[in-house]
Amino acid sequence: MLDIQLLRSNIDEVAARLAARGYTLEVGAFNSLEAERKSLQTRMQELQSQRNSTSKQIGIAKKNGEDVSAIMAQVASLGDELKAAEDAFTTVQSRLDNWLLTIPNLPHESVPAGADESGNVEARRWGTPRAFDFEVKDHVDVGSPLGLDFETGAKLSGARFTVLRGQIAQLHRALAQFMLNTHTDKHGYSETYTPYIVNSDVLYGTGQLPKFAEDMFRVERGGEAAAQAQYLISTSEITMTNMVRESVLKHDELPLKFTAHSPCFRSEAGAYGRDTRGLIRQHQFDKVEMVQIAHPDHSFAALEEMVGHAEVILQALELPYRVVTLCTGDMGFGSHKTYDLEVWLPAQNTYREISSCSNMGDFQARRMMARFKDADGKNRYVHTLNGSGLAVGRTLVAVLENYQNADGSVTIPAVLRPYMGGRDKIGG
RNA sequence: GGAAGCGUGGCCGAGUGGUUUAAGGCAGCGGUCUUGAAAACCGCCGAAGGUGUGAGCCUUCCGUGAGUUCGAAUCUCACCGCUUCCGCCA
């Protein structure tokens, strides 16, 4: 959520910065709504003040044993008038609030301008794609004989669900274990296990709601409906970030660093026909996520650090990748600045997203009321960051493709072998 | 599923219809003292918002939401959460 003070004081600049990401801010609508709010609020508060002082007079008069009927008559009509004023104000205020929740974050000034993903800027590359002396298969053809079972997944749950069996399932688990161990042992993140079902309030906090409800899975309890709508998490960013909602942290406990391995559930409503083959785009996939709750002065350093933590995983797995700075037009709704990591997929002969690391600035913190007490005693919003470290399913895809052998076997990356009973390959 | 109790500022905690303008304590901040620190003592100190150049003034907030009342932390109803006991259960 943007700072409404900024909209009041500098709306043209805000509109210009949002235009860079392809969002048209309704300046006129805001100005008139805001003017209405201001007069209604002033009116309401005047009436409240009048009621308070009159009521106090009544209290004092009664205590002194005086006759209060004159004052009572004076205040008789106030109630209805006040109720009407409060209702009018509440209506306008909630329209304003609801509208504010739909406005995306401002891109940071260091974010390159661009309309869509073609405007993204490559920051660096690591590794050299392997030269194959046989015809490269994609992960579906490599994995299917080894335990990648799309038919059974579809039978159980429909398209975009998959069953993993045997050594593929173990490799998938090994990847998650390796990532989690690396982030906790080497990068200082605190391991976290969080709920997979969350209340809707939580999704307002991180920005999935109100705009992106169609991307989520909503769940129902048996029998009666839950008091508050509940959803399956689409990433553990949601739960880890919201752990600090409605709290005031001490400045010296920042940064907080959390990591979790969790399933992620996405309806992929807008992705019909895209990536229908294989594991790339699933309704359910696992991800190891990193979240940092940072001091505003240090959030950009934390972003660079976090990208590095994701890169460590790819380097340890010896998977070639590149780092891309997303342009203004390609960033997510709540992001202030985002780097994507793209891993080399030989069968597609291209780099594909495997991690996204973002500094959200105070955008989520303002929605969550997540604050810290600064050294001078003032409450300020924290900055929140999140990054995949990494998407486990897509990492499995990358390993299957990059480590495939001519005989149909797949070499196990050296760092994963301790998790695989010491074996150096599967299949073949 | 049944029964009872509880929910107050960063934390603890008093407060059962009218100067509550939420006591007191802890933590925090500033100061005195000290070579320095601790202790002691003194002072400041909840949050969100509105309005004003500003000192300030005003409003709201005691789990959430409705209601009763001129007036609600306090009374009523519903919901949420926590605790304890009983039952059931991986």
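Quick caveat: nothing in here was measured; it's all calculated off a predicted structure.

### Observations regarding the sheet that holds strand 5 (residues 197-199)
The sheet built from three strands is open, its strands ordered 5-7-6 with antiparallel pairing. Each having just a single partner strand, strand 5 and strand 6 (218-219) make up the two edges of the open sheet. Direction of pairing for strand 5 relative to strand 7 (residues 230-232): antiparallel, over a ladder of three bridges. When the sheet's bridge partners are listed, isoleucine 197 is paired in strand 7 with leucine 232.

### So, unusual backbone geometry
With omega at 5 degrees, the peptide bond leading from leucine 209 into proline 210 counts as cis. Secondary-structure assignment places proline 210 in the loop between helix 8 (200-206) and strand 6. Omega for the peptide link from leucine 254 to proline 255 comes to -5 degrees, which places this bond in the cis form. For proline 255, the position within the fold is in the loop between strand 8 (247-250) and strand 9 (256-265). A positive phi angle, near 55 degrees, is found at glutamate 268, a position not held by glycine. Tracing the sequence through the fold places glutamate 268 in the loop between strand 9 and strand 10 (284-294). Of note in the backbone geometry, methionine 369 takes a positive phi value of approximately 60 degrees without being a glycine. Here methionine 369 is to be found in the loop between helix 11 (363-368) and strand 14 (370-373).

### Observations concerning helix 12 (residues 392-402)
Buried residues dominate helix 12, accounting for 11 of its 11 residues. Turning to helix 12, its buried residues number three or more, namely Val392, Gly393, Arg394, Thr395, Leu396, Val397, Ala398, Val399, Leu400, Glu401 and Asn402.

### Some details on the protein's contact with RNA strand B
Inspection of the region around RNA strand B gives 21 residues, with Arg8, Arg37, Gln48, Arg51 and Ser55 positioned closest. At 2.8 Å, a side-chain N or O of arginine 37 approaches a sugar or linking oxygen of RNA strand B. Glutamine 48 is positioned with one of its side-chain polar atoms (N or O) 2.6 Å from a sugar or linking oxygen of RNA strand B. For the surface near RNA strand B, the secondary structure elements donating two or more residues are helix 1 (4-19), helix 2 (27-63), helix 3 (69-75) and strand 14. Looking at the surface near RNA strand B, the element that brings in the most residues is helix 2, giving 12 residues. Per-class residue counts for the surface near RNA strand B are five nonpolar, nine polar and seven charged.

### Observations concerning the environment of leucine 148
Among the secondary structure elements, leucine 148 is positioned in strand 2 (residues 148-149). Leucine 148 sits 18 residues away from glycine 166 along the chain, and the two C-alpha atoms are 8.9 Å apart. The residues contacting leucine 148, other than those within four sequence positions of it, are His139, Val140, Gly143, Thr162, Val163, Leu164, Ile168, Leu279 and Leu400.

### Thoughts on the UniProt feature "binding site: ATP" (unreviewed entry) in chain A
Using the residue numbers shown here, the UniProt feature "binding site: ATP" (unreviewed entry) corresponds to Arg266, Ser267, Glu268, Glu353, Ile354, Ser355 and Ser356. On the basis of relative accessibility, which here comes to 15%, the residue glutamate 268 falls in the buried class. Here serine 356 is in contact with Thr338, Tyr339, Asp340, Asn386, Gly387 and Ser388, once residues within four sequence places are set aside. Within the structure, the side chain of serine 356 is placed 2.8 Å from the side chain of aspartate 340, a separation counted as a polar contact.

### A word on the pairing of strand 14
Where burial is concerned, the two faces of strand 14 differ: the one with Ala370 and Phe372 is buried and the one with Arg371 and Lys373 is not. Inspection of the sheet shows strand 8 paired to strand 14 by four bridges, in the parallel sense. Opposite leucine 249, over in strand 14, you have phenylalanine 372 as the bridge partner. Direction of pairing for strand 14 relative to strand 15 (residues 379-381): antiparallel, over a ladder of three bridges. Paired with phenylalanine 372 across the strands is arginine 380, a residue of strand 15. Remark: five residues form the turn of the hairpin made by strand 14 and strand 15, two consecutive strands paired antiparallel; glycine 377 in that turn has positive phi of roughly 90 degrees.

### Quick look at the pairing of strand 11 (residues 321-325)
The element strand 11 is extensively covered by neighbouring structure, given that four of its five residues are classed as buried. Across five bridges, strand 1 (residues 121-126) lies against strand 11 in antiparallel orientation. What sits directly across from valine 121, in strand 11, is threonine 325. With five bridges joining them, strand 11 and strand 12 (residues 337-345) adopt antiparallel strand pairing. Paired with tyrosine 321 across the two strands is valine 343, which belongs to strand 12.

### Some thoughts on the packing of aromatic side chains
Scanning the model with the defined rule gives seven aromatic pairs in all. For the ring pair phenylalanine 132 and phenylalanine 134, a centre distance of 5.5 Å and an interplane angle of 85 degrees mean the geometry is edge-to-face. Across the pair, phenylalanine 134 and phenylalanine 132 agree in class, each one buried. Seen from their ring centres, phenylalanine 212 and phenylalanine 333 are 5.3 Å apart, and the 75 degrees between their planes marks the pair as edge-to-face. Linking phenylalanine 212 in the loop between helix 8 and strand 6 with phenylalanine 333 in the loop between strand 11 and strand 12, this pair joins segments that are 121 residues apart in sequence. Since its relative accessible area comes to 26%, phenylalanine 212 is described here as partly exposed. An aromatic cluster is defined as three or more aromatic residues linked by ring pairs; in this entry it consists of Phe212, Phe333 and Phe363. One residue, lysine 257, lies across the ring of tyrosine 189, its end atom 4.9 Å from the ring centre.

Each value, and the rule that gives it
- Residues numbered from 1 in each chain as written.
- Chains lettered and ligands numbered in written order.
- Predicted model: local features only at pLDDT ≥ 70, side-chain atom pairs only at ≥ 80, totals over all residues.
- Heavy atoms only, no water.
- Pairing = 2+ DSSP bridges.
- Helix = DSSP H or I, 4+ residues; strand = E, 2+ residues; numbered from the N terminus.
- Buried < 20%, exposed > 50% of the residue type's maximum accessible area, 1.4 Å probe, protein only.
- Near = heavy atom within 4 Å.
- Polar contact = N/O pair within 3.5 Å; in protein donor to acceptor, adjacent residues only side chain to side chain.
- Nonpolar A, V, L, I, M, F, W, Y, C, P; charged D, E, K, R; others polar.
- Contact = heavy atoms within 4.5 Å.
- UniProt positions renumbered as here; feature names shortened; annotations may be inferred.
- Phe/Tyr/Trp six-rings, centres within 6.5 Å; stacked < 30°, edge-to-face > 60°.
- Lys NZ or Arg CZ within 6 Å of the ring centre and 35° of its normal.

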